[in-house]
Every structure is written in structure tokens, then in C-alpha cells.
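Architecture and fold: a report
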Amino acid sequence: MDRNQNLYDFLKSKTWQLTERWYESLNKDQNGIYGTSNLEEIQLLKQQNHLFHEKFVEMFNNSDEVCEKSFDDFITMIVNDEGHQHTLLTEIIGEFFRQQQLYLELLEEFMDQYPNELSSKQIIAYTNAILTTINNVVLKFTNEFIEQSKIRLKSQQEMIIELSAPVIKLDSTIALLPLVGEIDTNRAKVILESTLQQCSKLQINHLYIDLLGVPIVDTMVAHQLFHMINALKLIGVSTSLSGVRPSIAQTTVQLGIDFRDIKTYSSIEQAMRKHNNN
């Protein structure tokens, strides 16, 4: 695409004007960052938008490839921005396409002021460049936004699982791990890692594991439980089991898992009475 220095200079001088025009016409009734009334957030939003324009106008001075690559850091910044994380993806994409409309209007404004500056071929080329660049930026942003959302969701799920398996300290060296709800492979892994870390941090040497709130103890759960007990033993933590129902005992026997060296109790109350009597 042929470069026109006058067009580049014209657009370069309009970047802040573009930002103010964009914010003035912004639908403030949207959820998320676009509806904020916080002055600091509004200022940051304008700075982010202006940075977008500073990068975008370079398309009219550098190659398309250089211009698009320069957006990588910008996209990462917006994806990781807390305000945009709490904004619907469709609303963010809508604002990207509003920038596209602003540039098409600004190109028309330039042609009105300088009617003989651009050839028909250049006008078509610039229009196509605007549309293509915005489309590519939206595509890159959408992909990265979705990937980061998946990572945050997984992290939140793991945090919820960790909170659902708290190691509760009973005295200086003894603690309780009450397990509640179904345990799948992923949760079993997180429980194991969390329990080892918490026992080490709290300097626990004996852990009561209560299973009464676990509705089903299948082959996987029984093996993971046995694995956790052995792993705890390696860091110097002995264990006792409470809430061991007949079905759990039957499962462990069928699997050939040997819990003979581990003290078991029918309920956590029985385990606590035993603890208090020692």
C-alpha cells in the first residue's frame, strides 16, 4: 500500500481527539468498565484507548505486519486489565469496531479537506487496511481473552476446591481434614497438594481425615486416599480416618488396600473424644 505522509500526519494529530470523540459517544449504560463513573478508571480507559490510536495510526506509516505485531503488547495489556476482565467480551469487541468506524469517518474527513490528495486506488487501499487491521486485532484479542478466561476459571475452580478441603488445626500439632462432596480425579489431585502444603505449613504431625461427607468412595477415591496417607507419612504426618461407612470399608477390602495400620473411627465425634482423652 502506498504511503501518504499528509494522511499520516493528519491522523497522528487526531489521536487524542479520536479518544475524546470515542468516549463522548460511548454508551455509559453498559456493564463493566465502559459504565464506570470512577474518575481514575475513566482516565485509565482513555489512556488505553489513546494508546490504541497511537499504534493504529502507525499503519499509515509502517508496514501492515509491523503495525499488527505492535498490537500484541496492547492486546495482552487489555486482556490482563481488571476492568476489562469484568466486561463482557461482546461489549469489548463492539468498542473495537467503533474504532473502525471512527477511522473510516476520519478518512472521509481528510478527503473533504484535501480532495485531490488521494487517488481512488489509495482510498480503497486505506479503507481495506482499516477493516483488515481491526478484524485481525479483534481476532487476536478474542483468542487471547478466551484463553486467559479459561486460565482464570481453572484457577478459581482450584481455589474453591482448596477451600472445600481445609486443614483445621485442633492443637499445636493435630488437625482435622473434613472432606465434603464428590471427589473426581482433578479434585483429588488438588486436595493432595493442598493437604501436604497445609500440614507442612502448620507443622502438623497427626491428621484426622473425615470421610462422612463424601457420598461415594470408588476405586479412584480409595486409591487417592491411600496415596495421600502414604505421602503424608513421608513428611512425618500420621493419619486417622473417621466417618468410615461399611461401604467404604468394603471398597478398600475389595481393592486390597491395607488400612490396618491406620486408626479408624465411625464418626468425627468418636475421634475427637479419643483425641481429648489422650
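Residues numbered from 1 in each chain as written. Predicted model: local features only at pLDDT ≥ 70, side-chain atom pairs only at ≥ 80, totals over all residues. Heavy atoms only, no water.

**Thoughts on empty space enclosed by the protein**
Gaps left between atoms are located by rolling a probe of water-molecule size over the structure's atoms. Rule in force here: A pocket, in this scheme, is an open set of points on a 1 Å grid over the protein atoms alone with protein on both sides within 12 Å along at least 5 of 7 lines, while a cavity is a set where a 1.4 Å probe fits but cannot get out; residues line either one if an atom lies within 4 Å of a point. Grid points are joined across faces, edges and corners, and a volume is the space filled by probe spheres set on the points. What counts as a helix is a DSSP run of H or I of at least four residues, what counts as a strand is a run of E of at least two, and both are numbered from the N terminus. Note on residue categories: nonpolar means Ala, Val, Leu, Ile, Met, Phe, Trp, Tyr, Cys or Pro, charged means Asp, Glu, Lys or Arg, and polar means any other residue, Gly included.
Considering all chains together, one arrives at two cavities of 30 Å³ or more under this definition. Lining the largest cavity are 13 residues, and of these Tyr34, Asn49, Phe74, His84 and Phe96 lie nearest its centre. Mapped by element, the contributors of at least two residues to the lining of the largest cavity are helix H3 (39–56), helix H4 (64–79) and helix H6 (89–113). Along the lines of polarity and charge, the residues of the lining of the largest cavity split into eight nonpolar, four polar and one charged. Here the second largest cavity is characterised by a volume of approximately 90 Å³.

**Examining helix H9 (residues 219–234)**
Stated formally: A helix is expected to span 1.5 Å multiplied by its residue count minus one. Only protein chains enter the accessibility calculation, which uses a 1.4 Å probe; a residue is then buried when its area is under 20% of its type maximum, exposed when over 50%, and partly exposed in between. Note on contacts: a residue pair is in contact if any heavy atoms of the two residues lie within 4.5 Å.
In a regular helix each residue adds 1.5 Å, so 16 residues correspond to 22 Å; H9 covers 23 Å between its end C-alpha atoms and thus fits that length. Those residues of H9 not exposed but buried are Val221, Ala222, Leu225, Met228, Ile229, Ala231 and Leu232. Looking at the buried positions of H9, the neighbouring elements they touch are strand E2 (174–180), helix H8 (185–202), strand E3 (206–213), strand E4 (238–242) and helix H10 (246–255). One or two residues past the end of H9 sits Gly236, with phi positive at roughly 85 degrees.

**What to know about the pattern of salt bridges**
Note the following rule: Think of a salt bridge as a Lys or Arg side-chain nitrogen and an Asp or Glu carboxyl oxygen that are within 4 Å of each other.
In this structure the tally under the stated criterion is seven salt bridges. Residue Glu109 is joined to Lys14 by a salt bridge in which the shortest nitrogen-to-oxygen separation is 3.7 Å. Residue Glu109 is located in helix H6, and its partner Lys14 is located in the loop between helix H1 (5–12) and helix H2 (15–24); the two are separated by 95 residues in the primary sequence. Among the residues examined, Lys14 registers a relative accessible area of 15% and is labelled buried.

**As for H6**
For H6, which comprises 25 residues, the first-to-last C-alpha distance of 37 Å matches the rise-based estimate of 36 Å (1.5 Å per residue) to within 8%. Among all positions in H6, only Glu91, Ile92, Glu95, Phe96, Gln99, Gln100, Leu102, Tyr103, Leu106, Leu107 and Phe110 are buried.

**Looking at the pairing of E4**
Threshold: Two strands form a pair only when DSSP identifies at least two bridges running between them. Looking down the strands as they point away from you, a crossover is right-handed if its path from the first strand over the helix to the second goes clockwise.
Within E4, four of the five residues are buried, which leaves it mostly tucked inside the rest of the structure. For E3 and E4, the ladder comprises five bridges, and the chain directions are parallel. Its bridge partner lying in E4, Leu207 is registered against Thr239. Where the polypeptide runs from E3 across H9 and back to E4, its parallel neighbour, the crossover connection is right-handed. Examined bridge by bridge, E4 and strand E5 (residues 263–265) share three bridges and lie parallel to one another. When the bridges of E5 are listed, Ser240 appears paired with Lys263.

**A closer look at the nonpolar core**
Which entries qualify depends on this criterion: What we call a nonpolar core is a set of buried Ala, Val, Leu, Ile, Met, Phe, Trp, Tyr and Cys residues that are connected through their side-chain atoms within 4.5 Å.
By size, the foremost hydrophobic cluster in this structure holds 38 residues, and its most contacted members are Leu7, Phe52, Phe56, Phe60, Phe96 and Phe141. Looking at this core, the elements with two or more residues in it are H1, H2, H3, H4, H6 and helix H7 (120–163). Looking at this core element by element, the count peaks at eight residues for H7. Residues within four places of Leu7 in sequence aside, it is in contact with Phe60, Leu107, Phe110, Leu118 and Tyr126. Residues Leu192, Ile209, Leu211 and Val237 belong to the second largest nonpolar core, which totals 27 residues.

**Quick word on the environment of Ser13**
Locating Ser13 in the fold gives a position in the loop between H1 and H2. Residues Ser13 and Glu54 lie 41 residues apart in sequence; the distance between their C-alpha atoms is 9.9 Å.

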